[in-house]
Amino acid sequence: MQFGIFTVGDVTPDPTTGRTPTERERIKAMVAIALKAEEVGLDVFATGEHHNPPFVPSSPTTMLGYIAARTERLILSTSTTLITTNDPVKIAEDYAMLQHLADGRVDLMMGRGNTGPVYPWFGKDIRDGINLAVENYALLRRLWNEDVVDWEGKFRTPLQGFTSTPRPMDDVAPFVWHGSIRSPEIAEQAAYYGDGFFHNNIFWPADHTKRMVEFYRKRYAHYGHGTPEQAIVGLGGQVFMRRNSQDAVREFRPYFDNAPVYGHGPSLEDFTEQTPLTVGSPQQVIERTLSFREYAGDYQRQLFLMDHAGLPLKTVLEQLDMLGEEVVPVLREEFAKGRPADVPEAPTHQSLLAAKEATAV
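Conventions and cut-offs
- Residues numbered from 1 in each chain as written.
- Predicted model: local features only at pLDDT ≥ 70, side-chain atom pairs only at ≥ 80, totals over all residues.
- Heavy atoms only, no water.
- Buried < 20%, exposed > 50% of the residue type's maximum accessible area, 1.4 Å probe, protein only.
- Helix = DSSP H or I, 4+ residues; strand = E, 2+ residues; numbered from the N terminus.
- Pairing = 2+ DSSP bridges.
- Right-handed = clockwise from strand over helix to strand, strands pointing away.
- Phe/Tyr/Trp six-rings, centres within 6.5 Å; stacked < 30°, edge-to-face > 60°.
- Contact = heavy atoms within 4.5 Å.
- Axes fitted to C-alpha atoms, helices over the stretch in contact; angles between N-to-C directions.
- Left-handed = near helix turned anticlockwise from the far one by under 90°.
- Nonpolar A, V, L, I, M, F, W, Y, C, P; charged D, E, K, R; others polar.
- Parallel < 35°, antiparallel > 145°, perpendicular 65-115°, else oblique.

Asks: Mind showing me how you'd approach the pairing of strand E1 (residues 2–7) here?
Replies: Regular strands show a simple pattern: their side chains alternate between the two faces of the sheet. Counting buried positions along E1 yields six of six residues, so the element is predominantly enclosed. Taking every second residue as pointing to the same face, both faces of E1 are buried, with Gln2, Gly4 and Phe6 on one and Phe3, Ile5 and Thr7 on the other. Alignment of E1 against strand E13 (residues 301–305), held across five bridges, turns out to be parallel. Directly across from Phe6, in E13, lies its bridge partner Leu305. Here four bridges tie E1 to strand E2 (residues 44–47), and the two strands are oriented parallel to one another. For Phe6, the partnering residue across the bridge sits in E2 and is Ala46. In this view, the connection linking E1 to its parallel neighbour E2 by way of helix H1 (residues 23–39) has right-handed handedness.

Asks: Quick question: what am I supposed to make of the packing of aromatic side chains here?
Replies: Here a ring pair, both rings aromatic, is described through the centre-centre distance and the interplanar angle of the planes. Applying the stated rule across the entire model yields 14 aromatic pairs. Ring centres of Phe256 and Tyr262 lie 4.6 Å apart, and the angle between their planes is 25°; this geometry places the pair in the stacked category. Classification of Tyr262 as buried rests on a relative accessible area of 4%. Ring pairing ties together the aromatic residues Tyr137, Tyr192, Tyr193 and Tyr223, which thus form one cluster.

Asks: Explain the environment of His264 here, please?
Replies: Inspection of the secondary structure assignment puts His264 in the loop between helix H8 (245–258) and helix H9 (268–274). Exposure remark for His264: the relative accessible area of 70% places this residue in the exposed category. Those residues in contact with His264, other than ones at most four positions away along the chain, are Asp257 and Asn258.

Asks: Is there a simple way to think about the packing of helix H10 (residues 282–290) against helix H12 (residues 313–336) in this case?
Replies: At their nearest, the axes of H10 and H12 sit 10 Å apart, and the two run at 35° to each other. The two elements H10 and H12 cross, and the hand of that crossing is right-handed. On H12, the residues that touch Pro282, Val285, Ile286, Thr289 and Leu290 of H10 are Met322, Glu326, Val327, Val330, Leu331, Glu334 and Phe335. Of the residues assigned to the contact of H10 with H12, the class counts are nine nonpolar, one polar and two charged.

Asks: Please explain the packing of H1 against H12 as it appears in this structure.
Replies: Think of two packed helices as two axes; the pair is described by the angle between the axes and how far apart they sit. Look at H1 against H12: their axes get within 10 Å of each other, and the N-to-C directions meet at 15°. Our classification of the angle between H1 and H12 gives roughly parallel. Crossing hand, H1 versus H12: right-handed. Contact residues: Ala29, Ala32, Ile33, Lys36 and Ala37 in H1; Leu313, Val316, Leu317, Leu320 and Asp321 in H12. Per-class residue counts for the contact of H1 with H12 are eight nonpolar, no polar and two charged.

Below you can see the structure in the form of structure tokens.
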């Protein structure tokens, strides 16, 4: 099982000081967080993609390429890549290039994003969102899997005898997760291709996440990729820790109360009760995270959101120390207990290459 962190790259004022970091400071902080993730033994760093204030990660491959040069083991991913408004040709080229630079330590999460105006900014219509996701991804797979592509569709100009370069490393495309909070069509797409399904597991109650994951698992089996239990599932989560749970609540409350995504709404107590947000001690984070298996089954990837809502970099790095030293080692051990032998591990470049070579024999 893989553990890591994901970021949305928001530039948010610190409500305790009133100071807003510069874009440069926030970008550099994201890099520092990724380096810290590798240092403390996490497996994955994933960055979002946004093209509007108050977010900075408009070019994920630029950031991930820089991080690749400064890390050795960390898997570099996205959360998410906008399959609807990016040209599939450019996605194919950019992430194959990144794959080579990172020696295969790359996968990516496809999604539609949550910013409606991004569609016209890139010449698209939000009413075509699902259809764009379906058509663009079908083309992307062909660009990665076929050396020469002839293609014609609804949303971009035709391709004749086109070869995407560079080709995927070892002729093995990066593994793809499909991220969706509420769209069964995207879960269906993930199941159809035998790809992974990722639910960010932040704002929604457990019963909603359970329905989405169960739907994906059933459809994964329907398309003949394996049993429902063998489907590839990833979950997000949101935590804030201190040694003493009362200290965690007291310190995090002003950030929660003023956060753009959930501030000025339900109380911190109500939100932690109704969603997976966990604010407390490392032991409380362990217990809450282990409970995800009760509604998601045995899954492959757990990512945490930790650098949002204006939290200063120093605080985030302290959180990562606790996550890597006290939380994740216990989670690895506990999640491994009782895990059926036929439940696959999270795909990596090495495992996908081995499967390809085994099939070729």
